[in-house]
Amino acid sequence: MKTIVSAAALLAASLLAVPAFAANLVLYTSQPNEDAQATVDGFMAANPDIKVDWVRDGTPKIIAKLQAEIQAGNPVADLLLIADMVTLERLKEERKLLAYKSPEAAQYDARLYDADGYYYSTKLITTGIMYNTSAAMKPTSWKDLTKPEAKGLVTMPSPLASGAALIHAQTLAAVPGLGWDYYKALAENGAIAAGGNGAVLKSVALGEKAYGMVVDYLPIREKAKGAPVEFVFPSEGVSAVTEPVGILASSKNAEAAKKFVDYVLSEKGQEGFLKLGYIPARNGMKLPEGFPARDTIKVLPIKAAEALKNTDQDLKTFSGIYGSN
Amino acid sequence: MPGYVRSGNSQPAWLFPFIVITVFVLSVLPLARLAMAGIAAFASGGVIDVFADPALWQATYYTLVTSVLGTIVSLLIGCLFAFLLTLTDIPAKGVLSFFFVLPMMIPPQVTALAWVQMSGPSSPLLKALAIAPPLGAPQPLYSVGGIALLYGVQHAPLVYLALRAGLMTLPRDGVEAARLSGASSLRVFRDIILPLSLPGIIAGAAISFVSCTGNFGIPAILGIPASIFTLPTLIFTKFSAFTSRTFGDVAVLSAIIALISVAGLMIQDRALRGRDYRVIGLSGASAAFELGPWRFLAAPLLWAILFFMLAAPFFALVAGALVPAYGVPLTFKTMSLHAFEEILFRQAVTRTAFINSLSLAGGAALGLLLLTVLAAYELTRRRDTVSRIVASLIEIPYSLPGIVVAVAFILVFAAPIPVLNVSLYGTIWIILIAYFSSFFAVSLKPVVSAFHQLDPALEEAARLSGAGFFRRLFDIVVPLIAPAAGASVILVFLIACNELTISALLWSAGTQTLGVAIYNLDDSGSSDLASALSVLIVLMVIAMMLLLELLAKRLPKGVVPWRS
């Protein structure tokens, strides 16, 4: 009898221990785990009465999760902090976002946020080339990756797993002289596209591949920790995403969510990103260590509206070249 | 006196209906819902798109090839260990057996992560030893062969356990008679032991094959970087690119995996049918063969295999957790505990995952125990057709791949429950219910075997003295089956703690499990953190297995899988 009673008590205790959404705010983000934790920690330190629970995954996967939850009638997230404006623009058009005019916006370039207040860029993340320092060739141009020296040694993130990778492909595809033919030439040279930016970092740093297309902060940070990698801004220019933040229309904690938006746009929040090694989006901020001066970084243009319209077709084109992943 | 016992006239009337309803909710409803979604997809014509998709056929092909090769590898290793540890006088059997079963208890994605750390140009371990392959050398494990090899390592214990159960009941006198007539050891093995161990080998092969087809952790870590998708990873990627058609598509894909699993089990059934393996004589063929000088070859061989299966990957995992950055060789100077610090003290997700996995595992283990005590009581007392059907319905979700169970439960609970208007999808409860469904059979088995050893006369005596149902249950039955119940709880707890496949589809904010946390950490490029978390989990698994080992003396035979 005693055993059963204590077993039942244990069962009850274990069920009660299940955190049934004790959090006030739920953040879906595509930042790497350590960065997401640091961002959330910074916010909670500034707002001790709000508890944030967060989920990390690649931008397309996070959006898929959200869509599945919306379809099931139970969207969990209050906030999104994900790779690109194009995705948030789509959600805005689907009326899934809440408009909020943050007072911090005055400190930002008008191109970096939505005029109606649906989303705000938080940082600048460029995609360039990383290489392993024991590689024979030091690439300086995107085209170097199609050279025979790089045969079978190139890896890149898949647009199906990474929002930044999708914008990157769409950006390069619009550059005269590169275009989808460039991606075909890469594929013919044995380049592979799989997983997210984390996978590329790992593969090149560990020497499984010698060259990779990747977001800037990952290799720059790893180099500082001693990893045998270098990052270059290719001569043609780099693509960029701005990791915007947006509040979901279905949020049950809109007030707390607005505080989060204000925080990540504030000087303090931006300094947090700077410390993690990102280029802050706010005017007048410094650049993290290891980056060249901001005006020497040539950012390739992308037309957001056009990119949004072509996304499905571009994904198909990409999959057609690199297989179904 | 089964006829006398069966009447069960003093048992509460609700008991059997309660069990039937539970089994209906946990097995029949989700699988019927899955079948319906599949049929609906067929009817709407959307299925043509699914079948026209080359990715489906590619994935089916890879699933079959890796599973067949994996089964062959697990047969080779599993049979070697089973024959040597059961039939010979090889030293340190208990320890070898304990370690050999260990890979089965370790989450597959941890196995995969450890092996990746161990090989390729990346390996901190090989770099430390300065024997790492050159830059750009492909990671050999990111291939069909690599996936199959790890399937083999992960499932070899299943073959070992299935075969050993058969070898334990070999007739000793048959072997002795042959010996007395002058047959050589080889002859005895070939003519007596091998034919009689065939059922065990076939059963082991079938279990291994079915487990391979449903494995998610290994092809997720080894296959996705090389664009090798098996059916479970294809379902996972379909969910990662959610569209309005996703639910229908994955229902069809799940149905294909379920068909492959059922086909595997039917082939086993077919192979065993029509043969008569009944033997007369004393069983318990312990040490039928003396190895003699061969032991100097056999024992080191087994230890060497264990070293490559367990120790080397584990040290690679530890090394992977200790390097400060990718590609840095591990030395005493570069070594850093940063990853452990981050995992233990900074990452909220670790704590959440530990709490979730432990409460899910505890909830599933104890909740199922309450169910299984009642179910085992009723099923061993009734023994009629209906209860046999109920018993096999309990088995079905366990024999199906976790991803199929997960999809079925998503379909049942995606929409809010009617009347109550509560949504389970996106909460921890949907994972708990799926665990209940998937691990019911695991929990039931030890308890049923304890009930079979129970003398019904005891309970009858109590009944005649006027004791009611609960009084009899708590005062007589439960104390007698307590050790088996303890084993059942630990087994379910172990399996549920390390689960990935089900929770990979069902998790949401705040409901990450340990399996999901490791997978996501690795996926986001933080494989040092993933390794550190994996190291902690392996230590936890070993601790729980040791606990079971300590309990073993008080348990019925066969409950602790690795003990004789």
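Remember, predicted model here, so these are calculated numbers, not experimental data.

Chemist: Explain the overall build of chain A to me, using residue names and the numbers behind them.
Modeler: A count of helices and strands for chain A gives 11 helices and 13 strands. Here the C-alpha atoms of chain A give a radius of gyration of 21 Å, agreeing with the 20 Å that 2.2 N^0.38 yields for 325 residues. Along the first, second and third principal axes, the C-alpha atoms of chain A reach 75 × 55 × 40 Å. For chain A, with 325 residues in total, the buried portion stands at 61%. Sequence separation of 24 or more characterises 76% of the internal contacts of chain A that already satisfy a separation of 6 or more. If you sum the accessible surface of chain A, you get close to 12700 Å²; carbon and sulfur atoms cover 55% of it.

Chemist: Can you tell me about helix α11 (residues 304–322) of chain A, naming the residues and giving the values?
Modeler: Residues and elements named next belong to chain A. At Thr-311, α11 shows its maximal kink, close to 60°. Three or more residues of α11 are buried, namely Ala-307, Leu-308, Thr-311, Asp-314, Phe-318 and Tyr-322. A positive backbone phi angle near 90° is found at Gly-323, which sits one or two residues after α11.

Chemist: Hey, could you go over the packing of aromatic side chains for me, with residue numbers and the actual values?
Modeler: A ring pair, where both rings are aromatic, is described by two values, the distance of the centres and the angle of the planes. Per the counting criterion, the structure on display carries 31 aromatic pairs over all chains. Relative to Phe233(A), the ring of Phe231(A) has its centre 5.1 Å away and its plane inclined at 90°; by these criteria the two rings are edge-to-face. According to the relative accessible area criterion, Phe233(A) is partly exposed, its value standing at 23%. Feature note: the residues Trp14(B), Phe18(B), Tyr377(B), Phe451(B), Phe469(B), Phe470(B) and Phe474(B) constitute an aromatic cluster, connected by ring pairs. Its end group placed over the ring of Trp507(B), Lys65(A) keeps NZ or CZ at 4.3 Å from the ring centre. A cation over an aromatic ring shows up here: Arg381(B) above the ring of Tyr377(B), its NZ or CZ 4.7 Å from the ring centre.

Chemist: Break down the interface of chain B and chain A for me, with residues and values.
Modeler: On the side of chain A, 57 residues touch chain B, which itself brings 64 residues to the contact. Summed over both sides, the interface between chain B and chain A buries roughly 5100 Å², with carbon and sulfur atoms accounting for 62% of that surface. Here chain B is connected to chain A by 1 salt bridge. Between Asp522(B) and Lys202(A) there is a salt bridge whose closest N-O contact spans 2.8 Å. In this structure, the connection of chain B to chain A is made through 5 residue pairs in polar contact (both at pLDDT 80 or more).

Chemist: Describe a nonpolar patch on the surface, with residues and values.
Modeler: All names here are of chain B. A cluster of nonpolar side chains, Ile-21, Phe-24, Val-25 and Leu-29, forms an exposed patch at the surface whose accessible area comes to about 340 Å². Inspection of the secondary structure assignment puts Ile-21 in helix α2 (residues 15–43). Relative accessible area serves as the criterion here: at 55%, Ile-21 is assigned to the exposed category.

Chemist: Break down the pairing of strand β12 (residues 244–248) of chain A for me, with residues and values.
Modeler: All names here are of chain A. Across the 5 residues of β12, 5 count as buried, placing the element largely inside the fold. Taking every second residue as pointing to the same face, both faces of β12 are buried, with Pro-244, Gly-246 and Leu-248 on one and Val-245 and Ile-247 on the other. The pairing of strand β3 (residues 79–81) with β12 spans 3 bridges and is classified as antiparallel. Within β12, the position partnered with Leu-81 by the bridge is Val-245. Bridge analysis of strand β4 (residues 97–98) against β12 gives 2 bridges, and the strand direction is antiparallel. Within β12, the position partnered with Leu-98 by the bridge is Ile-247. In terms of strand pairing, strand β5 (residues 119–121) meets β12 through 3 bridges, oriented antiparallel.

Calculation criteria
- Residues numbered from 1 in each chain as written.
- Chains lettered and ligands numbered in written order.
- Predicted model: local features only at pLDDT ≥ 70, side-chain atom pairs only at ≥ 80, totals over all residues.
- Heavy atoms only, no water.
- Helix = DSSP H or I, 4+ residues; strand = E, 2+ residues; numbered from the N terminus.
- Rg over C-alpha atoms; globule rule 2.2 N^0.38 Å.
- Buried < 20%, exposed > 50% of the residue type's maximum accessible area, 1.4 Å probe, protein only.
- Contact = heavy atoms within 4.5 Å.
- Areas by Shrake-Rupley, 256 points an atom, 1.4 Å probe, with all protein chains shown as cover.
- Bend = angle between axes of the 7 residues up to and from the residue.
- Phe/Tyr/Trp six-rings, centres within 6.5 Å; stacked < 30°, edge-to-face > 60°.
- Lys NZ or Arg CZ within 6 Å of the ring centre and 35° of its normal.
- Buried area = accessible area lost by both parts, 1.4 Å probe.
- Salt bridge = Lys/Arg side-chain N within 4 Å of Asp/Glu carboxyl O.
- Polar contact = N/O pair within 3.5 Å; in protein donor to acceptor, adjacent residues only side chain to side chain.
- Patch = residues over 30% accessible without salt bridge, like charges linked within 9 Å, V, L, I, M, F, W, Y side chains within 5 Å.
- Pairing = 2+ DSSP bridges.

This is a description of form; function is not addressed.
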